[in-house]
Amino acid sequence: MSLVEPPPAATSQPEPRRECCACDAQPEAVSAVIPEAQTWARFQVPTMDCMVEEAEIRRALADVPGIRGLRFQLGQRSLALDAPQASLALALGAIRKAGFDPQPLDMPPPEATHGGTERDPGQHTTGWRRMGLALVLAFAAEGVGYFAPEGLVWQGLGLAVAAVAIWLAGFDVYQKGLVALRRARLNINALMTVAVTGAFAIGQWPEAAMVMALYAIAEAIEARAVDRARNAIKGLLALAPEQAEVRQADGSWIGQPVAAVALETVVRVRPGERVPMDGVLTQGHSSINQAPVTGESIPVDKAPGDPVFAGTINETGTFEFRVTALASNSTLARIIHAVEEAQATRAPTQGFVERFAAVYTPAVFVVALAVALLGPWLLQWTWLQGIYKALVLLVIACPCALVISTPVTIVSGLTAAARRGILIKGGIHLESARKLKAIALDKTGTITEGKPMLVEWQLLDAGGDRAAAEQMAAVLATHSDHPVSRAIAAGVVPSDQEAKDFTAIAGRGIQAVIDGRVWVLGNHRLIEERGQCSPELEALLRKHEEAGRTVSLLASEAGPIALFAVADTIKPSSRDAVAALMALGITPVMLTGDNQATATAIAHEAGIATARGNLLPQDKLEAIKALQAQHGPTAMTGDGINDAQALAQSDLGIAMGAAGTDTAMEAADVVVMNDDLRRIAETVRLSRATHAVLWQNIALALGIKAVFLVLAVFGTASMWMAVFADMGASLLVVGNGLRLLRTTTAVPQETR
């Protein structure tokens, strides 16, 4: 038995409580707040495929004293228990009595591993062989019952063959079913146990064998299909290589497992290789395909100082980078973990379906009992006919298709979004995105690039020397750390001209002596203080300021020489993004702390009709409340830090450009892993598509059951037909939900 300690993130919250079709309450004893000091034991539960089995295990442990915490990972089919050794032994005994076979795991806790845990290939092969043999024997029992002559010998042979088929296919079902019946829990195992046993008892042993064999095979097919949805995100984990080429103290390079690579280590990546860990590029240049992390389809050029992410692909040159995050805490690992956590949460539709199913199953059981008891009196059936029809109803009553229709769809939607670089932190947020009526957009870093750029510069003297003015501005700008100066320096031709006596003029600009003359590069206020402003210059400055630009002026003792306009430029995708949101019926509004003139200019350029400037964080919070009152459900898009109050107040908080940052992931409900605002419209479209598929699945599941319920009572539906109907409905809803995984984009091509 392996006793392991989960990381701090795992101990902050207990496993969320869930309901399922077979229960109407969860045991409080095992869902209490988990104390800080924990010792977790992890177990593989091979037959724990869905929330029904999880609920059965929870109930089995409800009366076990000393259990401090439970943590289920259905995708991995694993269970973590926090309990003293004595309670642990009792817990394992209770789980085994419930029909499960927990096996100890000697591996890290759930938070350190990702993706589904594959069953052993040998178990797969053995299981399919056993079910195949059961199906052959079921056909043999049908043949004996149909073709064999009358006689006790042949009847006994057929009965024995049917019993062996039932035992091969349904031993686990019977074991779990008997436990459920003893506890008065009407789940699928209980229903199948009663139905098959009843059919066998009334002499329909060939059909009982066929039903159990078909049920076992259909369950196995369904489990494999569900695994595809659960493990869809698992492929991301394989993107990060297991080895990294690490520089040693003597300058040599040695391959090491990524799990053993420490922070600040220097790693080398060659062209065509995948980046093994998160880091900051220190040497070399390359173009990197970041699609696995950010969803960007175009490779991004990287230079020293730029971040690189685990799992991305080095397209061109060799480079070195300094490791900034351990392999278990890389951006890719955190994305996978966040998606797994989101998969564990229940969406509103899912909760509704499970509550409905919890009432539906016993209701149909009562109907089946009424058919068995009242049918012979009211409809002149024989008692055997009444019992048989009731058994068919029990098989049809299985709510698997209904219950499984929602989680498979939600998981597929979450995974489709993650593949596009959209991290949605739960089914509730995936569903709520479709309801949005308004969206508040922060300016800096959301609509704009988030960094100033030189957008225009001009000589103020038509006869002046343009090249000389550019050189003077370059010399002055390169000696200032102010963002505006850096933008000017980056936008003009560099100069190697010498200067001296550099002086920073606080809040105004910079001054230096070049070729014996004093030059300044400063703002409007500095030029006014020097007495060098004119009405014409004032008008020119006003024009740039109304356009949301920050203006710097190059001047000598003789007066202003040139004007340099710097602005936080709009992203190329922002106009398309705003248009896409408006096409969806969502009203965009810009909220910013910048001045109103800048806000109005940027909003107009982006196609936004309403912009509010000069807002403090509290003002943004009040603006969100006003939008909610005016329009209804409102989203807030920001950086996840300064806009925390507004993000919390909004119906859906969206963080932009969060690749590599922990804070944005924690602050928002949706994280767009790159700076592309168009991903928001994709999220809304995906939400609407997911909602449509959810209700398609619910309609399919209930519609098929309704038809066969009528056929069972008034028609000729048989038990094996009921199994085909139930499992066929399950496979239909699973397949329909999996369609979302094939969604590469939720946005039409013209908007991208």
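Preceding block: the structure.
Each chain has its residues counted from 1, running along the sequence as written. A pLDDT threshold of at least 70 governs which residues receive local features in this predicted model, and a stricter bar of 80 or more applies before side-chain atom pairs are shown or counted, although totals over entire chains, interfaces and linings include all residues. Heavy atoms throughout the structure, all of them, feed into the side-chain values; hydrogens and water do not.

Draft legend 1. Quick peek at the overall build of the protein chain. Secondary structure follows DSSP: runs of H or I at least 4 residues long count as helices, runs of E at least 2 residues long count as strands, and numbering of each begins at the N terminus. Across its full length, the protein chain holds 26 helices and 27 strands. Here the protein chain holds 752 residues, and 52% of them are scored as buried. About 31900 Å² of surface is accessible on the protein chain, with carbon and sulfur atoms providing 58% of the total. Relative accessible area decides the class of each residue, using a 1.4 Å probe on protein chains only: under 20% of the type maximum gives buried, over 50% gives exposed, and in between gives partly exposed. For every accessible area listed, the method is Shrake-Rupley and the probe measures 1.4 Å; residues are considered covered only by the protein chains on display.

Draft legend 2. Up close: the packing of helix H12 (residues 383-396) against helix H25 (residues 678-714). Inter-axis angles, ranging from 0 to 180 degrees, are taken between N-to-C directions of lines fitted to C-alpha atoms, where helices are fitted over the stretch in contact. The geometry of H12 relative to H25 is characterised by a closest axis approach of 9 Å and an angle of 170° between their N-to-C directions. Between H12 and H25, the angle falls in the class roughly antiparallel. Only Lys705, Phe708, Leu709, Ala712 and Val713 of H25 make contact with H12, whose side of the interface consists of Lys389, Val392, Leu393 and Ile396. Across the contact of H12 with H25, the residue classes break down as 7 nonpolar, no polar and 2 charged. Orientation labels follow simple angle bins: below 35 degrees gives roughly parallel, above 145 gives roughly antiparallel, 65 to 115 gives roughly perpendicular, and whatever is left gives oblique. By the convention used here, residues are in contact when the closest approach between their heavy atoms is within 4.5 Å. Residues are grouped as follows: nonpolar covers Ala, Val, Leu, Ile, Met, Phe, Trp, Tyr, Cys and Pro; charged covers Asp, Glu, Lys and Arg; every other residue, Gly included, is treated as polar.

Draft legend 3. Region of the structure containing the sheet that holds strand S8 (residues 266-269). In short, DSSP must find at least two bridges between two strands for them to pair. Spatial strand order, S7-S6-S8-S14-S9-S12: 6 strands in an open sheet with antiparallel pairing. Unpaired on one side and paired on the other, strand S7 (253-257) and strand S12 (307-308) mark the two borders of the sheet.

Draft legend 4. Structural context of the nonpolar core. Buried Ala, Val, Leu, Ile, Met, Phe, Trp, Tyr and Cys residues that are joined via side-chain atoms within 4.5 Å together make up what is termed a nonpolar core. Counting 55 residues, the largest nonpolar core has Met192, Tyr215, Val392 and Met719 as the members making the most contacts within it. Those elements that place two or more of their residues in this core are helix H4 (121-147), helix H5 (152-182), helix H6 (188-201), helix H7 (205-230), helix H11 (348-378), H12, H25 and helix H26 (719-738). Take this core: its biggest share by element is 12 residues, from H7. With residues up to four places along the chain from it excluded, the contact list for Tyr215 reads Val173, Ile188, Asn189, Met192, Val723 and Met727.

Draft legend 5. Structural context of the pairing of strand S4 (residues 78-82). S4 sits mainly inside the fold: 5 of its 5 residues count as buried. Where burial is concerned, the two faces of S4 agree: the one with Ser78, Ala80 and Asp82 and the one with Leu79 and Leu81 are both buried.

Draft legend 6. The sheet that holds strand S16 (residues 438-442), seen in detail. Taken in spatial order, the 7 strands line up as S15-S27-S26-S25-S16-S23-S24 in an open sheet, and their pairing is mixed. If you trace the sheet from one side to the other, it starts and ends with strand S15 (422-424) and strand S24 (610-612), each paired once. Geometrically, the sheet is characterised by an average inter-axis angle of 20° between neighbouring strands, direction not taken into account. Contacts from helix H21 (residues 596-606) reach strand S23 (587-591) and S24 within the one sheet, and its direction differs from that of S24 by about 155°. Its contacts with the sheet put H25 on S15, S16, strand S25 (634-638), strand S26 (652-656) and strand S27 (670-672), and the angle it makes with S15 is roughly 50°.

Draft legend 7. Main features of the packing of H12 against H26. Following both chains from N to C, one finds H12 and H26 inclined at 15°, their axes separated by 8 Å at the closest point. With respect to each other, H12 and H26 are oriented roughly parallel. The element H12 and its partner H26 pack so that their crossing is right-handed. Along its contact with H12, which presents Tyr388, Leu391, Val392, Val395 and Ile396, the element H26 presents Met719, Ala722, Val723 and Asp726. Taken together, the residues of the contact of H12 with H26 sort by class into 8 nonpolar, no polar and 1 charged. Helix crossings are classified by the rotation of the near helix relative to the far one: an anticlockwise turn of less than a right angle makes the crossing left-handed, while a clockwise turn makes it right-handed.

Draft legend 8. Quick peek at the pattern of salt bridges. What counts as a salt bridge is simple: a side-chain nitrogen of Lys or Arg found within 4 Å of a carboxyl oxygen of Asp or Glu. By the definition in use, this model includes 15 salt bridges. The closest approach of N and O atoms between Glu529 and Arg508, which form a salt bridge, is 2.8 Å. In this pair, Glu529 sits in helix H18 (residues 524-529) while Arg508 sits in the loop between strand S18 (500-505) and strand S19 (509-514), placing the two residues 21 residues apart along the sequence. Exposure remark for Glu529: the relative accessible area of 47% places this residue in the partly exposed category. Under the relative-accessibility criterion, Arg508 is labelled partly exposed at 25%. For Arg679, the salt bridge goes to Glu682, with nearest N and O atoms at 3.4 Å. On the criterion of helical spacing, the pair formed by Arg679 and Glu682 is a turn pair, its members being 3 residues apart in helix H25. Residue Glu682 is classed as buried on the basis of its relative accessible area, which comes to 2%.

Draft legend 9. Representation of the packing of aromatic side chains. Two rings from Phe, Tyr or Trp (for Trp, the six-membered ring) form a pair when their centres are within 6.5 Å of each other. A pair whose planes differ by under 30 degrees is stacked, one over 60 is edge-to-face, and the rest are tilted. On inspection of all chains with the given rule, the structure shows 2 aromatic pairs. Relative to Phe321, the ring of Phe319 lies with its centre 6.3 Å away and its plane at 45°, an arrangement referred to as tilted. Pair check on accessibility: Phe319 and Phe321 agree, each one buried. Taken together, a centroid distance of 5.0 Å and an interplanar angle of 10° make the contact between Trp457 and Phe564 stacked. With Trp457 in strand S17 (residues 448-459) and Phe564 in strand S22 (residues 559-570), the pair connects residues that are 107 residues apart, well separated along the chain. Grouping residues by exposure puts Trp457 and Phe564 together as buried. By the criterion adopted, a ring carries a charge over it if an Arg CZ or a Lys NZ lies within 6 Å of its centre and within 35 degrees of its normal. Positioned above the aromatic ring of Trp381, the side-chain terminus of Lys389 is 5.1 Å from the ring centre. Residue placement shows Arg466 over the ring face of Trp457; its charged tip is 3.9 Å from the ring centre.

Draft legend 10. Broad picture of the pairing of S25. The buried count for S25 comes to 5 of 5 residues, which makes it a mostly enclosed element. For S16 and S25, the ladder comprises 4 bridges, and the chain directions are parallel. Looking at the pairing, Ile439 lines up with Ala635 of S25. Of the pairings in the sheet, the one linking S25 to S26 comprises 4 bridges and is parallel in character. For Thr637, the partnering residue across the bridge sits in S26 and is Ile654.

Draft legend 11. View of unusual backbone geometry. For Gln380, which is not a glycine, the phi torsion comes out positive at approximately 60°. Within the secondary structure, Gln380 is located in the loop between H11 and H12. A positive phi angle, near 55°, is found at Asp501, a position not held by glycine. Inspection of the secondary structure puts Asp501 in strand S18.

Draft legend 12. Representation of a nonpolar patch on the surface. Surface patches are defined over residues having more than 30% relative accessible area and no salt bridge, joining like charges when they lie within 9 Å and nonpolar side chains (Val, Leu, Ile, Met, Phe, Trp, Tyr) when within 5 Å. A grouping of Leu369, Leu373, Leu374, Trp377, Leu378, Leu379, Trp383, Ile387, Val710 and Phe714 is seen on the molecular surface, where their side chains present a nonpolar patch of about 1100 Å² in accessible area. Contributions of two or more residues to the nonpolar patch are made by H11, H12 and H25. In this fold, Trp377 is placed in helix H11.

It is worth stressing that arrangement in space is one thing and function is another; only the former is reported here.
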